[in-house]
Amino acid sequence: MSSQIDHLLEENREFTPSPEFAANANGTAELYERAAADREGFWAEQARELLHWHKPFTQTLDWSNPPFAKWFDDGEISVAYNCLDRHVEAGNGDRTAIIFEGEPGDERRISYAELTAEVKKAANALESLGIGHGDRVAIYMPMIPEAAIAMLACARVGAIHSVVFGGFSADSLRSRVDDAAARLVITADGGYRKGRVSALKPAVDMALADRGHGPQETVEHVLVVKRGGNDVEWTEGRDLWWHDVVEAAPAEHEAKAFPAENPLYILYTSGTTGKPKGVVHSSGGYLTQAVFTNKYTLDIHPETDIFWCTADIGWVTGHTYVVYGPLALGATVMMYEGTPDTPHPGRFWELIQKYGITILYTAPTAIRSFMKSGRQIPQQFDLSSLRLLGSVGEPINPEAWMWYREVIGADKTPIVDTWWQTETGATMISPMPGVTATKPGAAQVPVPGITVDVVDENGEPVDNGNGGLLVVTSPWPSMLRGVWGDPERFKETYWAKFADKGYYFAGDGARKDEDGEIWLLGRVDDVMNVAGHRLSTTEIESALVAHESVAEAAVVGAVDEMTGKAVVAFVIIKESYLSQHAPEGLAGQLRLWVGEQIGPIARPRDIYIVSELPKTRSGKIMRRLLRDVADGHEVGDTTTLADTAVMSIISAQVK
Ligand code: WTA
């Protein structure tokens, strides 16, 4: 089968950065030139310029044993020192590191001096529990400052953290704690979500329950932050209150340096098959690219910006753009505990107004759900502090991009659509604000020092104007260093497809436009073969979202006797449209619309109007479940869905 992906969508809008923005931007075109002239030298320069090294490195990249990379291998670094102490020593101890708002409205502002002091105590507390270099610690927490403090304390003592998203079940926690053989679990009694306390500690108790074999054999202690105010069951000898242990710990703690390749964390990502993979990240290389992209891609100016990345710390975005990157830069980050619609649908915009957020980094799925409820909600708030917007997690449809720019960005803020993965550790493809003329819906250009390509099945580059498979063609500083405990799986999953070329295969489809710039087309597994044409889900979904009535769309290929696969679409209609129009006949109109927008081949056979789409907890649409519905099959495994009831609602609406 050819790997060529047909390209249907025409999108020619372009926005050049304003001279004012460009004049103040951290990034310049010169960065690309320097990186192109000497890629490794460029990264070495960035690592030295942006980070403090306890022991300077002399080697940049060791790629003698691919795909196992080493960056800055003979250097020694303390990630915690870089995120904390050095800012205090530089006289910035009074600067706010974290602005926290809980869902019930409680507020905390934590300065760099305070955060450093807290992490020092927490590090002493961990050491008093026997946790040190190389030990694994599971963190299962709500979005509260102690989550970041716990991560940084692990980093400070050289322990490897594995953050498990607080919305995951006891079983998911159990398998992750078990796989990494964690010695300590840090959790909370609960956290606030959707207006009530969602308990966490009971899930930990269940995960650690004795079932013959498992995590109860390695976990010695459970450290519990008091947040939700719930009564909790207590296992004497094992369970300890965070406030008892951390408050009692000594205040002084010296940040020791560790080798650059010391693992900083494991983060599990659920693949399409099999058990979750423990993606392993390093210290020096990871932090270099994390801080670089915070500075240049997100254009954070630590003295003046208030940066809000809305991701939970349970995802990689929360690691790189809530904790490590912004703090290494000395920036002020916003941390919000709850959901965007609690207690009212304008909560995000209220927070932006209240704290004067200047840079907002969120996901297309959030943007589309705001589109569904309508612009009158954000328009009630003063969003004029915003000067830059970012998007991550899924392809952003051009119309969602335009809405984001017009409604949230007052028709002037630049948008950076950043493509990356848990495995890449930090942004890989994105416009650089102030430099790149942006195109709605495109991630466009690799970050300086990153090399990517779009290739066919043989690894040969496709021509401009064509689609294929996205690959990273040379090692990068924040690349995953492996899959925890499973080097074969690491090679097989990411490097086997183009082994002869040494390319990393990301699993995504992409196309190059006439300028050679990159547009993401969604996961290759979701590409549909319709009458011999390979169609990406993204472009058809974008065409649907471009219709005035549609807020969200998901497209799948359903089995079809005539064409092999037929396009089937599931759409969510905007509330504003429904208040003025009857939905009758809309499906027919949308079919014609797609035909007109991108051609008859893409015209959906069926269009179902639904009220919800199946999404993972990180907001990605699970098309495989919709495929089951479209094919009339029993719906497959729904355990990773954010809301497991959604599939029965959709099945009923389709019938
Ligand atoms: C998708 C999230 C298009 C992609 C940081 C990737 C995107 C997967 C974008 C990784 C984007 C992420 N445009 N697609 N800007 N950003 N993706 O591991 O399919 O949760 O492979 O990392 O999300 O998801 P992950």
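Residues numbered from 1 in each chain as written. Predicted model: local features only at pLDDT ≥ 70, side-chain atom pairs only at ≥ 80, totals over all residues. Heavy atoms only, no water.

Visitor: Provide a residue-level description of the overall build of the protein, including the pertinent values.
Guide: Regarding its fold elements, the protein presents 21 helices and 30 strands. The globule rule puts the C-alpha radius of gyration for 655 residues at 26 Å, and the 24 Å found for the protein is close to it. Across the 655 residues that make up the protein, the buried fraction comes to 62%. Taking the intrachain contacts of the protein between residues at least 6 apart in sequence as the baseline, contacts between residues at least 24 apart amount to 71%. Accessible surface, the protein as shown: approximately 23800 Å² in total, 48% of it carbon and sulfur. Distance from the positive charge centre (59 side chains) to the negative charge centre (90 side chains) of the protein: 2 Å. (Helix = DSSP H or I, 4+ residues; strand = E, 2+ residues; numbered from the N terminus. Rg over C-alpha atoms; globule rule 2.2 N^0.38 Å. Buried < 20%, exposed > 50% of the residue type's maximum accessible area, 1.4 Å probe, protein only. Contact = heavy atoms within 4.5 Å. Areas by Shrake-Rupley, 256 points an atom, 1.4 Å probe, with all protein chains shown as cover. Lys, Arg positive; Asp, Glu negative; His and termini not counted. Charge placed at Lys NZ, Arg CZ, Asp CG, Glu CD.)

Visitor: Tell me about the nonpolar core, and name the residues and values.
Guide: Formed by 138 residues in total, the largest nonpolar core has its most connected members in Leu115, Ile186 and Tyr324. Sorting elements by how many residues they give to this core places helix H7 (residues 145–157) first, with 10 residues. Membership of the second largest hydrophobic core comes to 54 residues, among which are Leu389, Trp401, Trp403 and Tyr404. (Core = buried A, V, L, I, M, F, W, Y, C linked by side-chain atoms within 4.5 Å.)

Visitor: So, the sheet that holds strand S22 (residues 467–472): which residues are in play, and what are the values?
Guide: The antiparallel open sheet is built from 4 strands, whose spatial order is S21-S22-S24-S25. Every interior strand has two partners, whereas the edge strands, strand S21 (452–455) and strand S25 (518–523), have only one. Across the sheet, the mean angle from the axis of one strand to that of its neighbour is 45 degrees, orientation sign disregarded. Pairing of S21 with S22, which is carried by 4 bridges, proceeds in the antiparallel orientation. Residue Val454 lies in a different strand from S22, and its bridge partner there is Leu470. Sitting on the sheet, helix H17 (residues 537–545) is in contact with strand S24 (504–512) and S25, with an inclination near 100 degrees to S25. (Pairing = 2+ DSSP bridges. Axes fitted to C-alpha atoms, helices over the stretch in contact; angles between N-to-C directions.)

Visitor: Describe in detail the site of the ligand, supporting the description with residues and values.
Guide: Lining the immediate environment of the ligand, one finds 16 residues, of which Asp417, Thr418, Gln421, Thr422 and Asp508 sit closest. Between Arg523 and the ligand, the recorded distance is 2.9 Å, taken from a side-chain N or O atom to an oxygen atom. Coverage of the ligand by the protein amounts to 89% of the 530 Å² it exposes when considered alone. (Near = heavy atom within 4 Å. Polar contact = N/O pair within 3.5 Å; in protein donor to acceptor, adjacent residues only side chain to side chain.)

Visitor: So what's going on with the packing of aromatic side chains? Residues and values would help.
Guide: For any pair of aromatic rings, the description consists of the separation of the ring centres together with the inter-plane angle of the planes. Summed over all chains, the structure comprises 34 aromatic pairs. Within the aromatic cluster, the residues linked to one another by ring pairs are Trp63, Phe68, Trp476, Phe490, Tyr494, Trp495 and Tyr504. Sitting over the ring of Trp519, Arg511 keeps its end group 4.8 Å from the ring centre. (Phe/Tyr/Trp six-rings, centres within 6.5 Å; stacked < 30°, edge-to-face > 60°. Lys NZ or Arg CZ within 6 Å of the ring centre and 35° of its normal.)

Visitor: Account for the environment of His243, with residues named and values stated.
Guide: Take His243: it is sitting in helix H10 (residues 242–248). Taking the C-alpha atoms as reference points, His243 and Thr317, 74 residues apart in sequence, are found 28 Å from one another. Not counting chain neighbours up to four residues away, the residues in contact with His243 comprise Lys226 and Ala248.

Visitor: Report on the side chain of Thr362, specifying residues and quantitative values.
Guide: Among the secondary structure elements, Thr362 is positioned in strand S18 (residues 359–362). Engagement of the side chain of Thr362 in a polar contact is seen with the side chain of Thr310, the distance being 2.9 Å. Not counting the four nearest positions on each side in its chain, Thr362 is found in contact with Thr310, Phe348, Ile367, Gly390, Ser391, Val392 and Tyr404.

Visitor: Tell me about the pairing of strand S16 (residues 306–309), and please be specific about residues and values.
Guide: Side chains Ile306 and Trp308 of S16 all project onto a buried face; the interleaved residues Phe307 and Cys309 project onto the opposite face, where all are buried too. Bridge count between S16 and strand S17 (residues 332–336): 2 bridges; the pairing is parallel. Residue pairing for S17: Ile306 is matched across the bridge by Thr332. With helix H12 (residues 316–329) bridging S16 and the parallel S17, this β-α-β connection has right-handed handedness. Inspection of the sheet shows S16 paired to S18 by 3 bridges, in the parallel sense. Opposite Trp308, over in S18, you have Leu360 as the bridge partner. (Right-handed = clockwise from strand over helix to strand, strands pointing away.)

Visitor: Lay out helix H16 (residues 487–494) in plain terms, naming residues and giving numbers.
Guide: Residues that lie three or four places apart on an α-helix share one face, since the helix turns once every 3.6 residues. Of all the positions in H16, only Arg489, Phe490 and Tyr494 are classed as buried. Seen along its axis, H16 keeps its buried residues to an arc of 105 degrees; they face one direction. For H16, the exposed residues lying more than 90 degrees away from the buried face are Glu488 and Glu492. Elements that come into contact with the buried residues of H16 comprise strand S2 (68–71), strand S15 (277–281), strand S23 (482–483) and S24. (Arc of directions from axis to C-beta.)

Visitor: Outline the state of the cysteines, listing residues and values.
Guide: Linking two cysteines covalently through their sulfur atoms gives a disulfide. Counted according to the given criterion, the structure contains 0 disulfides. Distance from the sulfur of Cys83, which forms no disulfide, to the nearest cysteine sulfur (Cys154) is 13 Å. Since its relative accessible area comes to 0%, Cys83 is described here as buried. (Disulfide = S-S within 2.5 Å.)

Visitor: Describe the sheet that holds strand S20 (residues 415–417), and please don't skip the residues or the numbers.
Guide: Taking strand neighbours across the sheet as the criterion, the 7 strands line up as S5-S4-S17-S16-S18-S19-S20 in an open arrangement whose pairing is mixed. Two strands bound the open sheet, and with one partner strand each, they are strand S5 (107–111) and S20. The average undirected angle you get between the axes of adjacent strands in this sheet is 20 degrees. Inspection of the sheet shows strand S4 (residues 96–101) paired to S5 by 5 bridges, in the antiparallel sense. Looking across to S5, one finds that Ile99 is bridged to Arg109. The strands touched by helix H6 (residues 112–128) within the sheet are S4 and S5, with S5 carrying the most contacts at an inclination of about 85 degrees. Contacts between H12 and the sheet are confined to S4, S16, S17 and S18, with S16 contributing the most and set at about 160 degrees to the helix.

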